[in-house]
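Coordinate inspection notes
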Amino acid sequence: MMVLIFVAGLFAGGSVAFLIFSLCVISGRSDDRIIEGLRDMKQQEMIAKVDKVLRHWPEIDKGVLDYHAQEGMSAKEMESLTCRDGYTVPHPEKWLRAILASYSSSDELRRTLVDRRYKACERYIKTSMALNISERSYYALLDDFRMSTALAAVQLGILRIL
């Protein structure tokens, strides 16, 4: 089982999989723990991708609105949107739908936190002081929002789990 995961990891992630495999063999971790480690790594990759898109949320929103203002509402869906810093967001309309679906299903505290983090670009200290929450609560709420956005993105076909 360990060899199969190692070979699959080499094809999927190259040296990172080798490093994880080596650490697991050295530490004597079982097959289940190796799989759990790879699963956690994939989840972290998804969350990082969602966070990068969320950081460009205001630009995506403006870019989609500008596109439809120029092309008309019956225009086909945008293929990609390049932001000011050079980051290219594939399928920005789908990402916007995923973000808004997650946002609309969130409670008031989470919405306020997300607005302050991604729209106003506030640091956690200022936001946590204003909302009277701990650092741990801040990041737990933020991680929950990122994960629900990632799941919505998976449903829309813009993120893949495997």
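In this text, all values refer to a predicted model and were calculated from it rather than measured experimentally. (Residues numbered from 1 in each chain as written. Predicted model: local features only at pLDDT ≥ 70, side-chain atom pairs only at ≥ 80, totals over all residues. Heavy atoms only, no water.)

1. As for the nonpolar core
In this structure, L54, W57, I60, W95, L113 and L159 are the most contacted members of the largest nonpolar core, which totals 32 residues. Ranked by the residues each element gives to this core, the list is headed by helix α8 (residues 135-156), at seven residues. Look past the residues within four positions of L159 in its chain and what remains in contact with it is M46, K49, V50, W95, A150, A153 and V154. (Core = buried A, V, L, I, M, F, W, Y, C linked by side-chain atoms within 4.5 Å. Buried < 20%, exposed > 50% of the residue type's maximum accessible area, 1.4 Å probe, protein only. Helix = DSSP H or I, 4+ residues; strand = E, 2+ residues; numbered from the N terminus. Contact = heavy atoms within 4.5 Å.)

2. Concerning the pattern of salt bridges
Under the definition given, this model contains nine salt bridges. Among the ionic pairs, D51 bridges to R55, the shortest N-O distance being 2.9 Å. On the criterion of helical spacing, the pair formed by D51 and R55 is a turn pair, its members being four residues apart in helix α3 (residues 31-55). A residue is classified by how much of its surface remains accessible, and D51, at 12% relative accessible area, is buried. Salt-bridge contacts for E59 lead to R84; the nearest nitrogen and oxygen are separated by 3.5 Å. Placement of the pair is E59 in helix α4 (residues 57-71) and R84 in the loop between β1 (80-82) and β2 (88-90), with a sequence separation of 25 residues. Overlapping salt bridges, with partners in common, bring together D51, R55, D143 and R146 in one network. (Salt bridge = Lys/Arg side-chain N within 4 Å of Asp/Glu carboxyl O.)

3. Notes on helix α6 (residues 108-119)
Taking 1.5 Å of rise per residue, 12 residues should cover 16 Å, and α6 covers 15 Å from first to last C-alpha, within 8% of that figure. All of the buried residues along α6 are R110, L113, V114, R117 and Y118. Down the axis of α6, the buried side of the element spans an arc of 105 degrees, and every buried residue falls inside it. In the stretch just after α6, C121 is the one whose phi turns positive, near 55 degrees. (Expected span 1.5 Å × (residues − 1). Arc of directions from axis to C-beta.)

4. Brief notes about the packing of α4 against helix α5 (residues 92-104)
At their nearest, the axes of α4 and α5 sit 10 Å apart, and the two run at 125 degrees to each other. Looking at the two axes, α4 sits oblique to α5. Two packed elements cross with a definite hand, and for α4 against α5 that hand is left-handed. Note on element contacts: α5 touches α4 through P92, E93, L96, I99, L100 and Y103, opposite W57, I60, D61, V64, Y67 and H68. (Axes fitted to C-alpha atoms, helices over the stretch in contact; angles between N-to-C directions. Parallel < 35°, antiparallel > 145°, perpendicular 65-115°, else oblique. Left-handed = near helix turned anticlockwise from the far one by under 90°.)

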